[in-house]
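These are the residues of each chain, in order.
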Amino acid sequence: NGECCHALILTNCELVRREDDERVSSDAQPEDERPPRSLDARYAKLARLELVNCKSSYTDLTGAKIFGNLTLDGLNAEGDSPDSVCWVVAQNLSIGSNLTVENSCLRAPTRTRAGRSQEYALDLACASVAGRILLQPKFEAVGGVSLMNAAVDGDVWACGASLEGEPTALTAQLATIR
């Protein structure tokens, strides 16, 4: 396909971006009210992506293309507070193989953006996954999981997972799971 890319593998990392960064405007519009991105890989092209035993507040993979596996193993919030956020937004993400999220506690922000009824802890809306999705073992999503309009060419497994959301814990409207 002519595209050359390499893997991004982060192990035992703390991905911290402070909210008092001078680029964060005090007159931000409501749709911009979200935690600062601690990992911004929007529209990236990667052979594979692994975050292992990392701490992050907001991982943005919107529109990224991952040719192999995406593995989130031990991804958790930076702090121990119940308000600590570990949010993964991966709308329109393309994964050439499997998505595995294990030993992780994802937590959506409690405040929603304008026009949204809910923010999901793991937002895979309109994502395309050529393999399966494994949300196990020891996977927790406070804020729920969205597979809205996603296309998954394998099974979706969430054995023993804890999904909690308001109004929904798992949204799969218009999803195609083959």
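Up top is the structure these notes are about.
This write-up is about the structure you can find in this document. Here the structure is a predicted model, which is why all the values come from computation and not from measurement.

Points about the overall build of the protein
For step 1, the next point in the chain: Each helix and strand counted, the protein has zero helices and 23 strands in total.
For step 2, the next point in the chain: Considering the protein as a whole, with its 178 residues, one finds that 43% of them fall into the buried category.
For step 3, the next point in the chain: Taking the intrachain contacts of the protein between residues at least 6 apart in sequence as the baseline, contacts between residues at least 24 apart amount to 58%.
For step 4, the next point in the chain: On the protein, roughly 9,100 Å² of surface is accessible, and the fraction owed to carbon and sulfur atoms is 46%.

A look at the environment of Val145
For step 1, the next point in the chain: With respect to the helices and strands, the residue Val145 is situated in strand β18 (residues 145-146).
For step 2, the next point in the chain: Residues Val145 and Ala169, 24 residues apart in the sequence, show an inter-C-alpha distance of 6.2 Å.

So, the state of the cysteines
For step 1, the next point in the chain: This structure, assessed with the given rule, holds zero disulfides.
For step 2, the next point in the chain: No disulfide involves Cys54; its sulfur sits 4.5 Å from that of Cys13, the nearest cysteine.

Digging into the sheet that holds strand β21 (residues 162-164)
For step 1, the next point in the chain: Strand order in this open sheet of three strands is β13-β17-β21, and the pairing throughout is parallel. Lying at the two open borders of the sheet, with one neighbouring strand each, are β13 (104-107) and β21. When strand polarity is set aside, the average angle formed by the axes of neighbouring strands in this sheet is 5 degrees.

Cut-offs used in this document
- Every chain is numbered on its own, with residues counted from 1 as its sequence reads.
- Since the coordinates come from a predicted model, pLDDT governs what is reported: local features require at least 70, and pairs of side-chain atoms require 80 or more to be given and counted, while whole-chain, interface and lining totals use all residues.
- Only hydrogens and water are removed before side-chain values are computed, so all heavy atoms of the structure are retained for them.
- Strands here mean DSSP runs of E at least two residues long; helices mean DSSP runs of H or I at least four residues long; both are numbered from the N terminus.
- Buried residues are those whose accessible area, probed at 1.4 Å on protein chains only, stays under 20% of the maximum for their type, while exposed residues exceed 50% and partly exposed ones sit between those limits.
- Residue contacts are counted whenever heavy atoms from the two residues lie within 4.5 Å of one another.
- The Shrake-Rupley method, run with a 1.4 Å probe sphere, supplies the accessible areas, and residue values consider only the shown protein chains as cover.
- Cysteine sulfur atoms are paired as a disulfide whenever they come within 2.5 Å of each other.
- Between any two strands, at least two bridges found by DSSP are needed for them to pair.
- Angles here are taken between N-to-C directions and fall from 0 to 180 degrees, while the axes themselves are lines fitted to C-alpha atoms, restricted in helices to the stretch in contact.

Note that all results are geometric; they support no functional claim without further evidence.
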